[in-house]
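Structural description and commentary
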Amino acid sequence: MTTSSIDDRRRAATAALREQTIELPSWAFANSGTRFKVFGQAGVPRDPFEKISDAAEVHRYTGVAPRVSLHIPWDLVEDFGALRRHAEDLGVSIGAINSNVFQDDDYMLGSLCNPDPRVRRKAVDHHRACVDVMRATGSTDLKIWLADGLNYPGQDDLRARQDRLAEGLAAIYAELDENHRILLEYKFFEPAFYATDVPDWGTSLLHCLALGEQATVVLDTGHHAPGTNIEFIVAQLLRQGRLGAFDFNSRFYADDDLMVGAADPFQLFRIMHEIVGADALRPDSGVNFMLDQCHNIEPRIPGQIRSVMNVQEATAKALLVDREALGAAQAAGDVLGANAVLMDAYNTDVRDLLAQLRQDMGLDPDPMGAYAASGYAEKIAAERVGGTQAGWGA
Ligand code: PSV
Ligand code: MN
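Overview of the structure. (Residues numbered from 1 in each chain as written. Chains lettered and ligands numbered in written order. Predicted model: local features only at pLDDT ≥ 70, side-chain atom pairs only at ≥ 80, totals over all residues. Heavy atoms only, no water.)

Observations regarding the pattern of salt bridges
As enumerated under the stated definition, the model contains 31 salt bridges in all. A salt bridge links Asp8 to Arg11; its shortest N-O distance comes to 2.9 Å. Of this pair, Asp8 and Arg11 both sit in helix 1 (residues 6–19), 3 residues apart, which is roughly one turn of the helix. Residue classification places Arg11 among the exposed residues on the basis of a relative accessible area of 55%. Across the salt bridge formed by Arg282 and Asp284, the nearest N and O atoms sit 2.3 Å from each other. A relative accessible area of 36% places Arg282 in the partly exposed class. Ionic contacts of the salt-bridge type, sharing partners, join the residues Arg46, Glu50, Asp54 and Arg384 into one network. (Salt bridge = Lys/Arg side-chain N within 4 Å of Asp/Glu carboxyl O. Helix = DSSP H or I, 4+ residues; strand = E, 2+ residues; numbered from the N terminus. Buried < 20%, exposed > 50% of the residue type's maximum accessible area, 1.4 Å probe, protein only.)

This is the structure:
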């Protein structure tokens, strides 16, 4: 059996990890909760500028989180050029622009799939405005998640809704600049419970294929039924060159939006194994590794730091897989041997490797400790008094 040496693999892993970037969601820094209670926290941002300042702290201590996704209208500001400059001054940039066609009364029966053409036009216009935000901020990704769906059989026509969806998406696609992409997200249920208009990767992919090269699928790890083999979906989308991005988070039950790698680090490893196997970790692979999380009870900036570290750990383990040995075992039909090669990598403690990487990058090897010692949490708690803390809808 051929094997590459562990030292070679560690060297290659370190080089790849240096290049990996993870995008942070602006809404992770704002108040959030369940439908039962939102617990406020001291120092929560009052506006998008403060959200970006907090995101920049995560980048300061991890060195691998240089972009922040915005959600419109939650992150509407008068001057997006100023927001962009604020980000750049702090060493970060604006990432994906998330549209929001689910929090306006007009959208009760859907947005792009709504039976009323006036509402459909309004939803397309909102996306036009989002493309303008992309131009002003330098963003290249328009992330679309639709809450569209039905609660009752017969409530609307399933096929007609797909036709309206295709038409609306085509109108939005026509607005894109050359360097822009659409990231079309799917989710199997919620808020609609009987039928969702973009429920799965297949539906998203079909619409993307009809739209053109600039349309790709975004895979939110929380948007699947229990037991779904997510790494299979990853492999399929990569084969088609249509995996545009991840929304990383953890689920125990449904769309829990907990910290990535907290509920099922093994699943995260399996996903990253597919990514590494398809050489899709490269920064120019077109896959945007984003977080989509809410920190309801834990402090938010450390919650994001921990999440970034969790992604790095899973990635490091995937990079340590002895692919030559794995290939040889697979070719020989050695079921247990192949499984053992994968598990060896998963069971490797990579924390020392990542601590060394951070040191090489001029960072503290312990991002959580360094942030805690920085005094930033105390500073924002003291400074951010008055005003309204940001949350969903603000
Ligand atoms: C929907 O559940 C989702 O995952 C979409 O990405 C939204 O934009 C995000 O959550 C924030 O609500
Ligand atoms: Mn998402």
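Some points on the coordination of the manganese ion (ligand 2)
The reference angle at a metal is 109.5 degrees if four donors form a tetrahedron and 90 or 180 degrees if six donors form an octahedron. Around the manganese ion (ligand 2), the donor atoms from the protein are Glu185 (OE), Asp220 (OD), Asp247 (OD) and Asp292 (OD), and they sit 2.1 to 2.2 Å away. Considering all 6 donor atoms around the manganese ion (ligand 2), angles at the metal cover 72 to 165° and the coordination shape is octahedral. Sequence spacing of the donor residues for the manganese ion (ligand 2), all on one chain, is E-x34-D-x26-D-x44-D. One end of the pair, Glu185, is in strand 6 (residues 181–185); the other, Asp247, is in strand 9 (residues 243–248), with 62 residues separating them in the sequence. Asp247 carries the same exposure label as Glu185, and that label is buried. (Donors = N, O, S within 2.8 Å, 3.2 Å for Na, K, Ca; no water. Tetrahedral: all angles 85-135°; square planar, octahedral: opposite > 155°, others 65-115°.)

Describing the nonpolar core
By size, the foremost hydrophobic cluster in this structure holds 99 residues, and its most contacted members are Leu142, Ile182, Val234, Leu243, Phe246, Phe248 and Ile275. The element contributing the most residues to this core is helix 9 (residues 300–320), with 10 residues. With sequence-adjacent residues up to four places away left out, Phe246 is seen in contact with Val218, Leu219, Val234, Ile271, Ile275, Val287, Asn288, Phe289 and Met290. With 5 residues, the next largest nonpolar core counts Ala96, Val218, Ala245 and Met290 among its residues. (Core = buried A, V, L, I, M, F, W, Y, C linked by side-chain atoms within 4.5 Å. Contact = heavy atoms within 4.5 Å.)

A few points about the packing of aromatic side chains
Aromatic ring pairs: the centre-centre distance and the angle between the two ring planes describe each pair. Under the definition given, this model contains 13 aromatic pairs. Note on Trp27 and Trp74: the rings are 6.3 Å apart at their centroids and 70° apart in plane angle, and the pair reads as edge-to-face. Residue Trp27 is located in the loop between strand 1 (23–25) and helix 2 (48–62), and its partner Trp74 is located in the loop between strand 2 (67–71) and helix 3 (80–89); the two are separated by 47 residues in the primary sequence. Trp74 carries the same exposure label as Trp27, and that label is buried. Considering the side-chain rings of Phe102 and Trp145, the 4.9 Å spacing of their centres and the 70° angle between planes classify their relative orientation as edge-to-face. (Phe/Tyr/Trp six-rings, centres within 6.5 Å; stacked < 30°, edge-to-face > 60°.)

Keep in mind that these numbers describe shape and distance, not what the molecule does.
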